[in-house]
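Examination of the molecular architecture
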Amino acid sequence: MVVLHTSDWHIGKRLMDRERIGEQIQALDEIVSICDNERVEVVLVAGDVFDTYLPPAEAEEVFYSTVKKLSGNGRAVVIVSGNHDDGVRVSAAVSIAEEQGIYVYGNRPFIAKTGNERSVNVIKSGEGYLLLENQAGEKLYINALPYPNEARFKEEKTDESYPEKVARWIGRGESGYEEDAAHVVLSHLFVAGGKTSESERDIDLGGARAVPVRLFPENAYVALGHLHRKQKLGESVYYSGSILQYSFDEANTQKCVIVFDTEGNKIKNIRDIPLTCGKKLVRLECNSVSDALMLLPQYSQSYVELTLHLDAPLSTVETQALAAANGGLVSLITLVAGGETTEFVCRSRMSASELFSQYYQSVYGTDADGALTEAFLSLLSEES
């Protein structure tokens with residue numbers, strides 16, 4: 001059986017004021033083509049299909065259109081909601097979706113129907129898992145855990161640590177595992193040691209929401225979403241990463257999907273397949289406006305963050321000339337020698353902890369301590 005792992009589509013996400021839904025459509029269509037070319041039978045989508053809880057209608061249309069294409073004439077598509085997704089909203093059409101081989105795990109309990117008579121068929125299921133079988137008799141067991149917190153699962157506060165709760169939630173999805181099937185854990189989590197990007201919101205809450213690699217079953221391929229850089233942690237824990245570069249610190253990263261094969265209860269031939277669609281993000285640095293005006297046109301097909309080291313502030317004419325030199329210039333940072341350097345930070349690019357700290361400082365004239373900030377972020381996580 002051939003399986004594809006993707007995550008963090010963030011349909012509807014912008015870069016500053018730039019609309020990117022056209023690029024997202026191209027990237028998602030490219031994933032459909034990869035599925036066809038690689039003869040993929042199961043698609044794993046590890047959360048954050050949308051960028052916001054209330055996505056625009058166009059983003060929802062792109063999502064439904066894409067998963068229908070991915071399911072094709074016989075593929076199974078298994079989706080878990082991420083922290084950016086409204087789990088209830090994403091899974092609202094589950095009764096219709098599973099008729100097309102699309103299985104969506106959001107907040108509400110979901111047990112997939114068996115015997116759907118597709119080329120990849122559900123032969124066993126329970127709350128949080130399903131067992132798939134293709135026409136060759138190859139089996140794939142999927143433990144599906146949507147972005148987990150107490151509020152989403154409607155659990156009361158207990159003395160358990162967050163890793164202890166996640167271990168319990170993972171254990172619940174292991175209850176139907178059969179040893180003759182290849183084994184996958186599909187979730188949206190922050191694993192300790194993972195490398196974050198600027199495009200992600202605060203996700204570790206000072207480490208309180210990070211989980212250790214040891215929580216996952218040793219014999220499973222762990223298909224994760226949440227972190228936007230493709231990376232591997234431990235022996236078998238993989239982040240496929242986002243489908244586009246969503247922040248400038250991802251400028252040199254190659255976006256991809258991960259494809260692997262199963263044989264019996266073994267997982268083998270794990271490989272990256274690059275995604276080529278979407279504009280690249282570029283960070284440039286120059287020592288003069290004239291140098292920048294020569295360099296910018298070379299990146300006309302990219303989004304650009306430009307840092308200028310100057311002897312005097314930019315004039316209006318110079319600023320206009322820079323903007324005209326490359327329509328993709330979305331961020332301009334000027335560092336003036338001999339004076340106090342002030343970098344303007346747009347609030348839309350600030351993290352939740354930075355926004356909270358700024359607000360607290362403006363009201364009380366002092367910095368918030370770490371415990372208070374962590375409590376705020378924990379509450380924010382539960383609300384999301």
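Now for a look at the structure at hand. (Residues numbered from 1 in each chain as written. Predicted model: local features only at pLDDT ≥ 70, side-chain atom pairs only at ≥ 80, totals over all residues. Heavy atoms only, no water.)

Thoughts on the nonpolar core
Going by this rule: What we call a nonpolar core is a set of buried Ala, Val, Leu, Ile, Met, Phe, Trp, Tyr and Cys residues that are connected through their side-chain atoms within 4.5 Å. Whether a residue is buried, partly exposed or exposed follows from its accessible area with a 1.4 Å probe, protein chains only, as a fraction of its type maximum: under 20%, in between, or over 50%, in that order. Only DSSP runs of H or I covering at least 4 residues are called helices, and only runs of E covering at least 2 are called strands; the numbering of each starts at the N terminus. Whether two residues are in contact is decided by their heavy atoms: any pair within 4.5 Å suffices.
Residues L4, W9, I11, I31, F63, I79 and I243 are the most contacted members of the largest nonpolar core, which totals 34 residues. At the level of elements, β1 (2–6), α1 (21–38), β2 (42–45), α2 (57–71), β3 (76–80), β4 (102–105) and β14 (256–263) are the ones that each hand at least two residues to this core. Looking at which element gives the most residues to this core, the answer is α1, with 7 residues. Excluding residues that lie within four positions of it along the chain, I31 makes contacts with L4, T6, W9, L70, I243, V257 and L275. If you look at the next biggest cluster of nonpolar residues, it comprises 28 residues, including Y105, A112, L132 and A144.

Some thoughts on the sheet that holds strand β15 (residues 266–274)
Just so we agree on the cut-off: In this analysis, strands are considered paired if DSSP registers two or more bridges between them. Angles run from 0 to 180 degrees between N-to-C directions of axes, and those axes are lines fitted to C-alpha atoms, restricted for helices to the stretch in contact.
The 6 strands are arranged β4-β3-β2-β1-β14-β15 in an open sheet whose pairing can be described as mixed. Every interior strand has two partners, whereas the edge strands, β4 and β15, have only one. Shown here is a sheet whose adjacent strand axes are inclined to one another by a mean of 20°, direction ignored. Strands in contact with α2 are β2, β3 and β4; relative to β3, the strand with the most contacts, it is inclined by about 140°.

Points about the pattern of salt bridges
Threshold: We count a salt bridge whenever a side-chain nitrogen from Lys or Arg sits within 4 Å of a carboxyl oxygen from Asp or Glu.
Applying the stated criterion across every chain yields a total of 19 salt bridges. For R271, the salt bridge is made with E38, and the minimal N-O distance between the two is 3.3 Å. Of this pair, R271 sits in strand β15 while E38 is found in helix α1, placing the two residues 233 residues apart along the sequence. Exposure remark for E38: the relative accessible area of 28% places this residue in the partly exposed category. With its nearest N and O atoms 2.4 Å apart, the salt bridge here joins E263 to K268. For E263, a relative accessible area of 45% gives the class partly exposed. If you follow the salt bridges from partner to partner, you end up with K124, K139, E178 and D180 in one network.

Observations concerning the layout of surface pockets
The rolling of a water-molecule-sized probe over the atoms marks out the regions of remaining empty space. Defined as follows: Lining residues are those with an atom within 4 Å of a point, where the points come from a 1 Å grid over the protein atoms alone and group into cavities, where a 1.4 Å probe fits but cannot get out, or pockets, open sets with protein on both sides within 12 Å along at least five of seven lines. Grid points are joined across faces, edges and corners, and a volume is the space filled by probe spheres set on the points. Nonpolar residues are Ala, Val, Leu, Ile, Met, Phe, Trp, Tyr, Cys and Pro. Charged residues are Asp, Glu, Lys and Arg, and all others, Gly as well, are polar.
Its boundaries defined by the atoms lining it, the second largest pocket holds a volume of some 290 Å³. If you go around the second largest pocket, you meet 19 residues; those closest to its centre are N107, P109, E127, F153 and R172. Listed by contribution, the elements that provide at least two residues to the lining of the second largest pocket are β7 (139–145) and α5 (162–173). For the lining of the second largest pocket, a count of residues per class yields 9 nonpolar, 5 polar and 5 charged.

Notes on α2
Short version of the rule: Every helix has an expected span of 1.5 Å times one less than the residues it contains. Working note: the arc is built from the helix axis to C-beta atom directions.
With 15 residues, α2 ought to run about 21 Å at 1.5 Å a step, and its terminal C-alpha atoms sit 21 Å apart, in line with that. A59, E60, V62, F63, T66, V67, L70 and S71 are the residues of α2 that are buried. Seen along its axis, α2 keeps its buried residues to an arc of 160°; they face one direction. Counted as exposed and oriented over 90 degrees from the buried face of α2: A57, E61 and K68. Against α1, β2, β3, α3 (87–90) and β4 lie the buried residues of α2. One or two positions beyond α2, positive phi appears at G72, with a value near 55°.

Details of the environment of A27
Inspection of the secondary structure puts A27 in helix α1. Note: C-alpha distance between A27 and T276 (249 residues apart in sequence) is 7.6 Å. Ignoring any residue separated from it by four or fewer positions in sequence, one finds A27 in contact with I243, L244, L275 and C277.

A look at the packing of aromatic side chains
To describe a pair of aromatic rings, one takes the distance between the centres and the angle between the planes. Rule in force here: Any pair of Phe, Tyr and Trp rings, taking the six-membered ring for Trp, is counted once the centres come within 6.5 Å. Such a pair is stacked with planes under 30 degrees apart, edge-to-face with planes over 60 apart, and tilted for the rest. Charges are assigned to positions over rings by a cutoff of 6 Å between ring centre and Lys NZ or Arg CZ, combined with an angular limit of 35 degrees from the ring normal.
In this structure the tally under the stated criterion is 9 aromatic pairs. Arranged with centres 5.4 Å apart and planes meeting at 75°, the rings of Y141 and Y177 form a pair that is edge-to-face. You can see Y141 sitting in strand β7 and its partner Y177 sitting in the loop between α5 and β8 (182–188), a full 36 residues away along the chain. The interplanar angle of 75° and the centroid separation of 6.5 Å between the aromatic rings of Y162 and W169 together place this pair among those described as edge-to-face. Side by side, Y162 and W169 carry an identical accessibility label, which is buried. Ring pairs connect the aromatic residues W9, F50, F63 and Y64, which therefore count as one cluster. The side chain of K13 reaches across the aromatic face of Y246, ending 5.9 Å from its centre.

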